[in-house]
Amino acid sequence: MAATAENAPGNWGLIAGNGDFPFLVLQGARSRGIEMAVIAIREEASPALERVSQRLHWVSLGELSRAIELLHEEGVKHAVMAGQVKHNKIFSSIRPDWRLAKLLFSLPLKNTDSLIGAVARVLQDEGIELVDSTKFLGALLPSEGVLTKRAPDDAEMADIAYGQVVARQIAGLDLGQTVVVRDRACVAVEAMEGTDETIERAARIAGGQRLVIVKVSKPQQDMRFDVPVVGLRTIEVMRLANASALAIDARRTLLFERDALIRAADEAGIAIQAFAPESIPAASKSEAGKKA
């Protein structure tokens, strides 16, 4: 039988950014008998990757040519991008090699999706397929429904319905994917700072009042990169911010350490519910028009 993406363990590579995501991908791939070659981004990836990877190479953020060269040396045909690269670093802190400089110059839009989409096309031209980053992590993508012991109450559901409308609008503009809501009014909108910092900023503005967090995927979310993620730290930040409910998109949001995360939410009295991707409750549209 001819080798395929599923049964050719030496053909897989991981392009690693920061956080726990790369470790989860390595673990998930290893559970299927796949040992990935790792290209770790020096400015972002954890040094601890060296302890869990047998084939690891460090590259700086701007070294696109070197990264492709290493992927070829490792025989990689299928690659996964996992782990965030901070948006401000992508466009302000890197020293691009000639290949990346050319790519940056050609971008019609200077945002993260445009850049990584262009990198994906370069990899494809080099015979390397960029694959869904959640390929080995299906168990961490929740289905629709209430995930915690407690469901959102009526007031929280009203904030969630409003927040989903606003969050989908900003996600469609590629501004951010999280909004913080109180009494059907936006307290904070995510930009480049990330979810946790957005919640912390909202807590300062709200002065201890109850908050609701809505985190959505982008329209036609490209699951090859920039997948929405919620981890234990976000639950702790919510607890400290008096945020009582979290709404996420089902099947498009990764829950790191899912069981521990849900236990922590239950202990803090936080309700978590996953909704159909790109859903907008019809009853909330008129309210969004009044409040936005």
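Fair warning: this is a prediction, and the values are worked out from it, not measured in the lab.

Rules behind the numbers
Residues numbered from 1 in each chain as written. Predicted model: local features only at pLDDT ≥ 70, side-chain atom pairs only at ≥ 80, totals over all residues. Heavy atoms only, no water. Helix = DSSP H or I, 4+ residues; strand = E, 2+ residues; numbered from the N terminus. Buried < 20%, exposed > 50% of the residue type's maximum accessible area, 1.4 Å probe, protein only. Contact = heavy atoms within 4.5 Å. Areas by Shrake-Rupley, 256 points an atom, 1.4 Å probe, with all protein chains shown as cover. Pairing = 2+ DSSP bridges. Core = buried A, V, L, I, M, F, W, Y, C linked by side-chain atoms within 4.5 Å. Axes fitted to C-alpha atoms, helices over the stretch in contact; angles between N-to-C directions. Parallel < 35°, antiparallel > 145°, perpendicular 65-115°, else oblique. Nonpolar A, V, L, I, M, F, W, Y, C, P; charged D, E, K, R; others polar. Salt bridge = Lys/Arg side-chain N within 4 Å of Asp/Glu carboxyl O. pLDDT = per-residue confidence, 0-100. Arc of directions from axis to C-beta.

**With respect to the overall build of the chain**
Helices and strands together make up the secondary structure of the chain, namely eleven helices and 13 strands. Buried positions account for 51% of the 292 residues belonging to the chain. At a minimum sequence separation of 6, the contacts of the chain that also span at least 24 residues come to 72%. Of the roughly 13400 Å² of accessible surface on the chain, a fraction of 52% belongs to carbon and sulfur atoms.

**Some remarks on the pairing of strand S4 (residues 78–82)**
Note on strand geometry: in a regular strand, side chains alternate between the two faces of the sheet. Within S4, five of the five residues are buried, which leaves the element mostly enclosed by the surrounding structure. What you see with S4 is no split at all: His 78, Val 80 and Ala 82 on one side and Ala 79 and Met 81 on the other are buried throughout. Where strand S1 (residues 12–16) and S4 come together, five bridges link them in parallel fashion. Counterpart to Ile 15 in the pairing with S4 is Met 81. With three bridges connecting them, S4 and strand S5 (residues 129–131) associate as parallel partners. Each residue of the ladder has a partner; that of Val 80, found in S5, is Val 131.

**Some details on the nonpolar core**
Of all hydrophobic cores here, the largest spans 29 residues; its most connected members are Leu 71, Met 81, Leu 103, Leu 115, Val 119, Leu 123 and Leu 130. Listing elements by their share of this core, those giving two or more residues are strand S2 (37–41), helix H3 (64–73), S4, helix H5 (98–106) and helix H6 (112–125). Top element by residues in this core is H6. It accounts for seven residues. In this structure, Leu 71 is in contact with Ile 15, Ile 39, Val 76, Leu 123 and Ile 128, ignoring residues within four places of it in sequence.

**Here's the deal with the packing of helix H9 (residues 232–241) against helix H10 (residues 258–268)**
Where H9 meets H10, the axes come as close as 9 Å, and the angle between the chain directions of the two elements is 10°. By the angle class used here, H9 and H10 are roughly parallel. Contacts between H9 and H10 involve Leu 232, Ile 235 and Arg 239 from the former and Ala 260, Leu 261, Ala 264, Ala 265 and Ala 268 from the latter. Each residue belonging to the contact of H9 with H10 can be placed in one class, and the counts come to seven nonpolar, no polar and one charged.

**Brief notes about the sheet that holds S4**
Strand order in this open sheet of five strands is S3-S2-S1-S4-S5, and the pairing throughout is parallel. The sheet is open, and its two edges are formed by strand S3 (56–59) and S5, each paired on a single side. On average, each strand axis in the sheet is inclined to that of its neighbour by 25°, with strand direction left out of account. Contacting S1, S2 and S3, H3 crosses the sheet at an angle of about 170° to S3.

**Re unusual backbone geometry**
Despite not being glycine, Arg 251 has its phi angle at roughly 65°, a positive value. Structurally, Arg 251 is set in the loop between strand S11 (243–249) and strand S12 (254–255). You can call Arg 251 partly exposed: its relative accessible area is 42%.

**A closer look at the pattern of salt bridges**
Between side chains of opposite charge, a pair can form as their charged atoms come close. For the structure on display, the rule yields 15 salt bridges. Overlapping salt bridges, with partners in common, bring together Asp 159, Arg 182, Asp 183 and Arg 210 in one network.

**Digging into the pairing of S11**
Most of S11 sits out of view: seven of its seven residues are buried. Of the pairings in the sheet, the one linking strand S9 (residues 211–215) to S11 comprises four bridges and is parallel in character. The residue of S11 that forms the bridge with Ile 213 is Leu 246. In this structure, S11 lies alongside strand S13 (residues 271–275), joined through five bridges in parallel fashion. The residue of S13 that forms the bridge with Ala 247 is Gln 273.

**Observations concerning the confidence of the model for the chain**
Put simply, the chain has an average pLDDT of 87, and 87% of its residues get 70 or more. The element-level mean pLDDT for the chain is lowest in helix H11 (residues 285–291), coming to 45, with S9 highest at 98. Below a pLDDT of 50 lies the segment residues 1–7, which in the model reaches eight contacts outside its immediate sequence neighbourhood of four places, other chains included.

**Considering H9**
Every buried residue of H9 is listed here: Thr 234, Ile 235, Val 237, Met 238 and Ala 241. One side of H9 holds all its buried residues, which, seen down the axis, span an arc of 160°. On its buried face, H9 sits against helix H8 (195–206), S9, strand S10 (229–230), S11, H10 and S13. Phi turns positive, to about 60°, at Asn 242, one or two residues after H9.

**Considering the sheet that holds strand S7 (residues 178–182)**
The six strands lie next to each other as S6-S13-S11-S9-S7-S8, forming an open sheet whose pairing is mixed. Among the strands making up the open sheet, the edge pair consists of strand S6 (145–146) and strand S8 (185–189). Contacts from helix H7 (residues 154–172) reach S7, S8, S9, S11 and S13 within the one sheet, and its direction differs from that of S7 by about 145°. Against the sheet, H8 makes contact with S7, S8 and S9, and its axis sits at roughly 130° relative to S8, the strand it touches most.

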